[in-house]
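Here are the chains, one letter per residue:
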Amino acid sequence: MSEQNIYLPHLMRIAAITDEAPGVRTFRLEFVDEAAAQAFAFRTGQFGLYSAFGEGESTFCIASSPTRKGYIECTFREVGRVTAGLADKEVGDIVGFRGPYGNIFPIEDWRGRNLLFITGGIALPPLRSVIWNCLDLRDQFGDITIVYGARTVNDLVYKAELKEWQERPDVNLVLTVDPGGETPDWTGKVGFVPPVVEQLAPSPDNTIALVCGPPIMIKLTMPILRKLGFAPESIYTTLENRMKCGVGKCGRCSTGRSYVCKDGPVYTLAELGQLPAEY
Amino acid sequence: MADQFQLSSASLDALFTALQGDGRRILAPTDRDGRTELNPVQTLGQVARDYVQTALSAKETVFPKVEQLLSYSMAPGQVELVDAEPRALPTVLFGIRPCEAGGFAALDAVFNWDTRDRFFNARMEQLAIIGVACTRKDDACFCTSVGGGPGSTRGSDILLTPAAGGFLAQVLTDKGRAIQALAPELFAPAAGLAAPLAEVPAAFDHAALTARLPELFDSPIWDDQALRCLGCGACAFVCPACVCFDIQEEADKKAGRRLRAWDSCGFAMFTLHASGHNPRPAQGARWRQRVYHKFATYPDRYGMLGCVGCGKCTRACPVDMNLQEHLTQAMAPVES
């Protein structure tokens with residue numbers, strides 16, 4: 001008789017845990033229910049609400065690529081009650097997942113285009129999903145450039161994958177750490193992401209730029225991209241507003257006419273220009 | 001055109017008996033401890049007279065302050081989830097005002113614009129509204145500024161208007177006709193004249209306000225108006241149209257439940273990120289969000305206002321913020 005409960009999560013078993021950086025972990029999650037696993041599909045850019053039962057729900061992107069079937073991954077930093085509850089979990093433990101929610105990176109529209117990823121710190125996870133999605137469809141895209149920075153060498157996440165990207169001839173990876181964050185054997189750049197991008201001076205020709213990072217990194221990177229000639233319609237970012245329901249009801253992520261959980265989290269710079277700067 | 005009937009006070013009291021015979025509870029404004037609020041009643045005599053409005057809103061009948069969304073038990077490597085069924089009792093809301101009856105549409109817009117909210121819908125399905133038109137008002141009322149009126153039928157299943165010896169009844173919906181069908185003999189042909197309704201002069205043009213808000217976003221008036229705001233959230237909690245909610249966990253090591261609870265965009269923590277970053281860091285920005293969500297976002301997304309002009313927020317505000325005055329100020333000519 002009753003409608004379904006849209007707040008009810010799927011149960012997910014933790015299949016693997018990777019320590020990425022101090023306080024930062026990646027969970028590989030598999031559906032407990034086989035039917036739910038079969039019915040599940042998502043597209044890159046989408047996110048979910050992850051439950052640490054006993055503590056509550058938190059919002060993270062799906063950090064794995066839709067081309068990798070049978071599981072999803074999320075990467076989180078331990079900062080509050082829910083993420084502390086998640087950090088306590090071990091392989092085999094159960095967490096909850098609601099999703100996929102939100103809009104997508106329209107990678108089908110980017111066939112034949114060059115891709116420029118610019119990201120910092122713990123904001124690599126949402127772009128990592130896009131990066132693997134595009135690398136798994138490598139023939140469909142032009143040059144792929146990734147600029148990734150962190151405070152220190154130790155704070156870089158996905159270290160094994162960074163190495164893999166570094167070794168691939170079809171990926172141009174530029175790593176940088178903040179001044180003072182380098183180690184004696186560091187071979188990457190030293191400097192903040194925005195000046196590194198400025199120095200790199202990527203061409204805007206036929207290129208889509210994806211920018212995810214701390215608010216200050218985004219704020220300083222956008223004008224540089226604009227100066228380099230990137231159109232606002234060719235620059236993508238994600239908003240990270242606080243969310244509770246994830247389905248456009250609780251009101252928390254409401255920004256102007258947009259629910260970030262429904263109309264976002266992916267926005268072009270042109271679309272952001274239509275919203276009040278309340279993010 | 002709705003069907004019009006006459007209900008004497010004795011007939012209305014008999015209708016109360018018929019409704020309860022049909023297994024429905026009746027919630028109506030009653031006077032208790034100097035306050036007029038909704039409470040269960042059995043007879044018409046228990047219903048308050050001469051009230052303008054209840055202080056709290058009727059939304060709690062379909063959107064409780066706190067409700068359980070799910071529960072679970074935990075063991076090592078195991079979680080057992082238990083779905084929650086909303087407890088939806090057949091209910092008649094009697095005597096709420098037309099403004100407030102209209103507020104349910106604003107709740108429905110959010111709960112069902114995309115996916116459907118079972119908890120809200122189960123209670124709405126079980127709810128019928130017998131509104132009573134206003135013959136009195138107070139200074140906080142501004143229904144006519146936001147498209148309503150003291151005799152508005154919006155949201156009511158039956159609307160009663162006081163008349164000599166009882167009420168004129170407009171039976172407006174299928175739910176209203178189902179109530180009438182419980183005791184059709186009580187509904188006499190309309191004869192008497194309705195009492196004069198309250199006169200609520202319009203203070204501003206809401207369409208013009210909606211059109212003007214985009215250009216006022218960076219105006220200093222929002223900070224000015226919010227200087228005295230305590231961020232207490234009373235306005236949101238008494239508002240018939242405010243829907244924003246929080247989801248919280250109550251648990252021990254072995255079991256827990258997930259609860260939905262009223263929230264407010266006026267609270268500093270509403271938008272606070274885990275990193276400490278807050279997109280709306282000052283009360284002025286939070287007050288502006290309240291106004292814009294109701295008067296810009298709602299018309300844009302849902303084709304209606306998120307405000308019914310009931311004035312409950314104004315009456316509840318501990319520092320006398322007055323929505324009608326603040327909106328009127330926003331419509332004042334810009335000084336150059």
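Residues numbered from 1 in each chain as written. Chains lettered and ligands numbered in written order. Predicted model: local features only at pLDDT ≥ 70, side-chain atom pairs only at ≥ 80, totals over all residues.

Participant: What's the story with the overall build of chain B in this structure? I'm lost.
Facilitator: A tally of regular secondary structure across chain B gives 10 helices and 12 strands. Its C-alpha radius of gyration of 22 Å places chain B within 12% of the 20 Å reference for a compact globule of 336 residues. Within chain B, buried positions represent 42% of all 336 residues. Sequence-distant contacts in chain B: of pairs separated by 6 or more residues, those separated by 24 or more amount to 72%. (Helix = DSSP H or I, 4+ residues; strand = E, 2+ residues; numbered from the N terminus. Rg over C-alpha atoms; globule rule 2.2 N^0.38 Å. Buried ≥ 20, exposed ≤ 12 C-beta atoms within 10 Å, placed from the backbone. Contact = placed C-beta atoms within 7 Å.)

Participant: I would appreciate a short explanation of the sheet that holds strand S4 (residues 56-61) of chain A in the present structure.
Facilitator: Strands in a sheet are paired, the pairing made by backbone hydrogen bonds, and the direction either parallel or antiparallel. All names here are of chain A. Strand order in the open sheet formed by 6 strands is S4-S3-S6-S1-S2-S5, with antiparallel pairing between adjacent strands. Every interior strand has two partners, whereas the edge strands, S4 and strand S5 (72-77), have only one. The sheet shows a mean angle of 40° between the axes of neighbouring strands, direction not considered. Note: strand S1 (residues 10-21) against strand S2 (residues 24-31), 8 bridges, orientation antiparallel. Considered in S2, the bridge of Ala-21 is made with Val-24. (Pairing = 2+ DSSP bridges. Axes fitted to C-alpha atoms, helices over the stretch in contact; angles between N-to-C directions.)

Participant: Sorry, what's going on with the domain arrangement of chain A here?
Facilitator: How big an interface is tends to be stated in terms of the accessible area lost upon association of its parts. Residue and element names in this part refer to chain A. For chain A, the assigned domains are domain 1 (10-101) and domain 2 (107-238). Spacing between the C-alpha centres of domain 1 and domain 2 amounts to 24 Å. Domain 1 puts 16 residues into the contact, and the matching count from domain 2 is 15 residues. Broken down by secondary-structure element, the contributors of at least two residues to the side of domain 1 that touches domain 2 are S1 and S5. For the side of domain 1 that touches domain 2, the class distribution of residues is 7 nonpolar, 6 polar and 3 charged. (Domains from an automatic or database assignment. Nonpolar A, V, L, I, M, F, W, Y, C, P; charged D, E, K, R; others polar.)

Participant: Explain the sheet that holds strand S10 (residues 188-189) of chain B here, please?
Facilitator: All names here are of chain B. With mixed pairing, 8 strands are arranged side by side in an open sheet as S3-S2-S6-S7-S8-S9-S1-S10. Here the strands that pair on one side only, and so sit at the sheet edges, are strand S3 (35-41) and S10. As defined by bridge partners, strand S8 (residues 158-163) adjoins strand S9 (residues 166-171) across 6 bridges and the pair is classed as antiparallel. Bridge assignment links Ala-163 to a residue of S9, and that residue is Gly-166. The strands touched by helix H1 (residues 9-21) are strand S1 (3-8), strand S2 (25-32), strand S6 (91-94) and S9; relative to S1, the strand with the most contacts, the crossing angle is about 100°. The sheet contacts of helix H4 (residues 174-182) involve strand S7 (127-132), S8 and S9, and relative to S9 the element is tilted by about 130°.

Participant: I keep staring at the packing of helix H5 (residues 206-216) of chain B against helix H8 (residues 283-302) of chain B and nothing clicks. Help me out?
Facilitator: A pair of packed helices can be characterised by two numbers: the angle between their axes and the separation between those axes. Residue and element names in this part refer to chain B. Two numbers describe how H5 lies on H8: the axes approach to 9 Å, and their chain directions differ by 90°. The angle between H5 and H8 falls in the class roughly perpendicular. Taken together, the residues of H8 that come into contact with H5 (itself represented by His-206, Leu-209, Thr-210 and Leu-213) are Tyr-292, Phe-295, Ala-296 and Pro-299. Each residue belonging to the contact of H5 with H8 can be placed in one class, and the counts come to 6 nonpolar, 2 polar and no charged. (Parallel < 35°, antiparallel > 145°, perpendicular 65-115°, else oblique.)

Participant: How should I be thinking about the pairing of S5(A) in this particular structure?
Facilitator: Along any regular strand the residues' side chains alternate between the sheet's two faces. Residue and element names in this part refer to chain A. Of all the 6 residues making up S5, 6 are buried; the element is thus mostly covered by neighbouring parts of the structure. Of the two faces of S5, the one carrying Ile-72, Cys-74 and Phe-76 and the one carrying Glu-73, Thr-75 and Arg-77 are both buried. Bridging between S2 and S5 involves 6 bridges; their strand directions are antiparallel. Residue Phe-27 lies in a different strand from S5, and its bridge partner there is Cys-74.

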